[in-house]
Amino acid sequence: MSDDFEVETADAGASKHYPVQASSLKKGQHILIKGRPCKIDNISTSKPGKHGSAKCSFVAIDIFTGKKSEAISPGHANVDVPIVTRKEYLASGIDNAGFLNLYDEESGDMIEDIRLPEGDMGDKIKGMVDADAMCMVSVIRSMGEEKIIDVKEDNNKNY
């Protein structure tokens, strides 16, 4: 038996979601539907019947793709809620492969693994970076995915 083994990476095993009672969720909160993080757009609750409990019907929109999804769950049952984080970074440049160079003002780290989005938002970011304007991008993260959801010019010139 060999004593040689190698550990490349370690994970704390933190969960990417947590359980919540279905009847306690409100519009605007997040829910996992078919393993995708979604923002609740509409909730309807049916009355308990003679032989069953109240049911909650959720209509939600995927926070990354924008697709509408539906789910039904008993009101007393637990549903999974994803952990969603939103953070702002200072965009300092774009590399040749189309990835943004983002600066985290809190930790001082550079993040270089987020691709420039396509469409109007990508064009706006590219225009601001090319004009050497200070722009802040908002990045939303959940379930191992990330996406730029907003960009604005940073008027605070403390750099």
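Residues numbered from 1 in each chain as written. Predicted model: local features only at pLDDT ≥ 70, side-chain atom pairs only at ≥ 80, totals over all residues. Heavy atoms only, no water.

Draft legend 1. Molecular detail of the pattern of salt bridges. Within the structure shown, the criterion is met by seven salt bridges. Between D62 and R36 there is a salt bridge, with its nearest N and O atoms 2.8 Å apart. Placement of the pair is D62 in strand β4 (residues 55–62) and R36 in strand β3 (residues 36–45), with a sequence separation of 26 residues. The class of D62 is buried, set by a relative accessible area of 5%. Residue classification places R36 among the partly exposed residues on the basis of a relative accessible area of 25%. Note that R141 is salt-bridged to E146, the shortest N-O span being 2.7 Å. On the accessibility criterion, R141 (23% relative accessible area) is partly exposed. (Salt bridge = Lys/Arg side-chain N within 4 Å of Asp/Glu carboxyl O. Helix = DSSP H or I, 4+ residues; strand = E, 2+ residues; numbered from the N terminus. Buried < 20%, exposed > 50% of the residue type's maximum accessible area, 1.4 Å probe, protein only.)

Draft legend 2. Region of the structure containing the sheet that holds strand β10 (residues 135–142). Pairing in this open sheet of five strands is antiparallel, and the strands run β9-β8-β7-β10-β11 from one edge to the other. Here the strands that pair on one side only, and so sit at the sheet edges, are β9 (110–115) and β11 (145–153). Pairs of neighbouring strands in the sheet enclose a mean axial angle of 40°, with direction left out of account. Here strand β8 (residues 99–103) pairs with β9 via four bridges, running antiparallel. Residue pairing across strands places Y103 opposite M110, the latter belonging to β9. Packed onto the sheet, helix α1 (residues 120–130) meets β7 (85–94), β8, β10 and β11 and runs at close to 55° relative to β11. (Pairing = 2+ DSSP bridges. Axes fitted to C-alpha atoms, helices over the stretch in contact; angles between N-to-C directions. Contact = heavy atoms within 4.5 Å.)

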